[in-house]
Amino acid sequence: MLTLLGIAVVVVGFVARINPLLVVVAAALVTGLAAGMGPLEVVALFGKAFKENRYVSLLWLVLPAIGLLERYGLQERAKALIGGLQAATTGRILLLYFAIRQITSALGLTSLGGHPQMVRPLVAPMAEAAAETHGLTDDDTRQKVRAMSAATDNIGLFFGEDIFIAIGSILLMVGFLQQNGIVVEPLHLSVWAIPTAIVAFIVHGTRLVLFDRKLKSGAAR
Amino acid sequence: MIGLEVLYAIAGALFAAIALLSGLDRSNSRRWQNAAFWGLFSACFLFGSHLPDMANGALAIGLVIIGGMGGWRRGEPVTSTIAQRQASAATHRNRLFLCALIIPAVALAGTMLFRHLTFGGLHPVDPKQATLVSLVLGIILSLAVAMPMLRARPTEPLQEGRRLFDQVGWALLLPQMLAALGAVFAAAGVGEAVGALTTAWLPEGSRLAAVVTYTLGMALFTMIMGNAFAAFPVMTAGVGLPLIVLKFGGDPAIMCAIGMLSGFCGTLMTPMAANFNLVPAALLELKDKNGVIKAQVPTALILLFANTVLMYVLVFHRF
């Protein structure tokens, strides 16, 4: 049970708003020591895992390309395309992106979206431009629109991708059940992701439709 | 065969260049700390595979000390003004989108192609890493198209990259650090301990209690671990299989599918899922680091409730 101390470190660290990097390393040390490892052993274990997970950080290679296009007006072009269109509201733009993101994820095309490639350079500027067209230019609105743009990308991805039969989580479930002597077809698992996907579309879609009204009343206050 | 090592060499070279440019940036009073930070990160990529575990651990801790203790300052390389950007946007128009969309398009096409591409029985690209290789290829192709079109100087992508890397700052390391913490948790048996704890509290009796324990447990444990994949085997072996499937005769496929999605509701509500929640907050320059989580919580809670209802209604039927 002592090994759970690391989890306590994580919770306390995040609540106390200590820098997450420090929290993570402290939690790793506490967990390793509680499990009876020596301090150097924990450092080596952490180092090995840090090295083996370098692929997680490869996504960052996209930033120089995105940064270059931003220097030459990518965000401004995204704004110009949307700005002035009365029909384009923040909620409607995000709803359209949400539908595209969820459907493409369900078809296995998860790499079509993402925060560095899509949300920062394209989706968030378009959503902001729509808010500006409707007279919402304050910073508070901008912050809310950006946060909702990122949230919409995540929710579309999470509740779409499990409908695709070859995604990591489906393969994990098939493998896990197999180890426990239960044979299940991937298709059988992915079919049962559909009810939640429909509910997710209705729930978050409704929130996006209501988001325009919320922005307007927030700006009026 | 092109695999992870080639990509790590590219990343190592890029971050070495970022370190160099950071060191040359006289406008930043803490330029040496920035240079050290990106230099250490570059060393992880360039030499990590050949260093002993202890040295990799020391590199990681060095990064945490510089990045986590406020030793560095965000560099601000000179970029274009808003007026210049608007003028450039008016000149290049939708070709800018084209350059941006090359990246996902190549990533997709490459993923499908490289999995099956063989020459004389050999894979030119490691099929397991097809997605990452294709992504990096897409980035390189996008730069190859954009730079002549925009008449950009060779240092521009590096300086613009540095601008964004410094803006994201320490959050950039967090996904990799959390993955390493997950490995330490696994080695120390944290999952089993949580599983034992949950089993000890397991409610006896009703189907509803079993379903609620499983869906809420998936969400909570995912919030702690930052990852539904880590929570799934523990919760399913500890609660799902013995109670819902064995005791009450529920359908394992329906249970697993909806159980995983309950875990995803947890992912939406935790700073531990840094790459989905904290990193976008940094990328979008949000003042509130938890702003993305706050935007997600209403959807996540409603969906967690919906998942619990769906599982209760569906899992005990035989379809």
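Residues numbered from 1 in each chain as written. Chains lettered and ligands numbered in written order. Predicted model: local features only at pLDDT ≥ 70, side-chain atom pairs only at ≥ 80, totals over all residues.

### Focus on the interface of chain A and chain B
Size of an interface, as often reported, equals the accessible area lost when the parts are brought together.
Link 1 in the chain: Across the boundary between the two partners, chain A contributes 93 residues, which contact 110 residues of chain B.
Link 2 in the chain: Taken together, the residues that form the side of chain A that touches chain B break down as 62 nonpolar, 20 polar and eleven charged. (Contact = placed C-beta atoms within 7 Å. Nonpolar A, V, L, I, M, F, W, Y, C, P; charged D, E, K, R; others polar.)

### Here we look at the domain arrangement of chain B
Link 1 in the chain: Under the domain assignment used here, chain B contains domain 1 (82-148) and domain 2 (183-314).
Link 2 in the chain: Put simply, the middle of domain 1 of chain B and the middle of domain 2 of chain B, counted by C-alpha atoms, are 35 Å apart. (Domains from an automatic or database assignment.)

### Here's the deal with the nonpolar core
Link 1 in the chain: Core analysis: the biggest nonpolar cluster contains 187 residues, and F46 and L69 of chain A together with A257 of chain B have the highest contact counts within it.
Link 2 in the chain: Examining the composition of this core, we find that eleven residues originate from one element, helix 11 (residues 228-247) of chain B, more than from any other.
Link 3 in the chain: Not counting the four nearest positions on each side in its chain, F46 of chain A is found in contact with A28 of chain A together with G57, A60, A180 and V184 of chain B. (Core = buried A, V, L, I, M, F, W, Y, C linked by C-beta atoms within 7 Å. Buried ≥ 20, exposed ≤ 12 C-beta atoms within 10 Å, placed from the backbone. Helix = DSSP H or I, 4+ residues; strand = E, 2+ residues; numbered from the N terminus.)

### A short note on unusual backbone geometry
Link 1 in the chain: The phi dihedral of R17 of chain A falls on the positive side, at around 55°, and the residue is not glycine.
Link 2 in the chain: In this structure, R17 of chain A sits in the loop between helix 1 (5-15) and helix 2 (20-34).
Link 3 in the chain: Although it is not a glycine, R93 of chain B sits at a positive phi angle of roughly 45°.
Link 4 in the chain: Inspection of the secondary structure assignment puts R93 of chain B in the loop between helix 4 (82-92) and helix 5 (95-116).

### Some points on the packing of helix 6 (residues 90-106) of chain A against helix 7 (residues 115-133) of chain A
Residues and elements named next belong to chain A.
Link 1 in the chain: Packing of helix 6 against helix 7 leaves a shortest axis separation of 8 Å and a crossing angle of 155°. Judged on the interaxial angle alone, helix 7 and helix 6 are roughly antiparallel. Facing T90, I93, L94 and Y97 of helix 6, the residues of helix 7 in contact are V123, M126, A127, A130 and A131.
Link 2 in the chain: For the contact of helix 6 with helix 7, the per-class residue count stands at eight nonpolar, one polar and no charged. (Axes fitted to C-alpha atoms, helices over the stretch in contact; angles between N-to-C directions. Parallel < 35°, antiparallel > 145°, perpendicular 65-115°, else oblique.)

### Focus on the environment of R213 of chain A
Link 1 in the chain: Residue placement: R213 of chain A occurs in helix 11 (residues 194-220).
Link 2 in the chain: As a C-alpha pair, R213 of chain A and Q143 of chain A span 70 residues in sequence and 16 Å in three-dimensional space.

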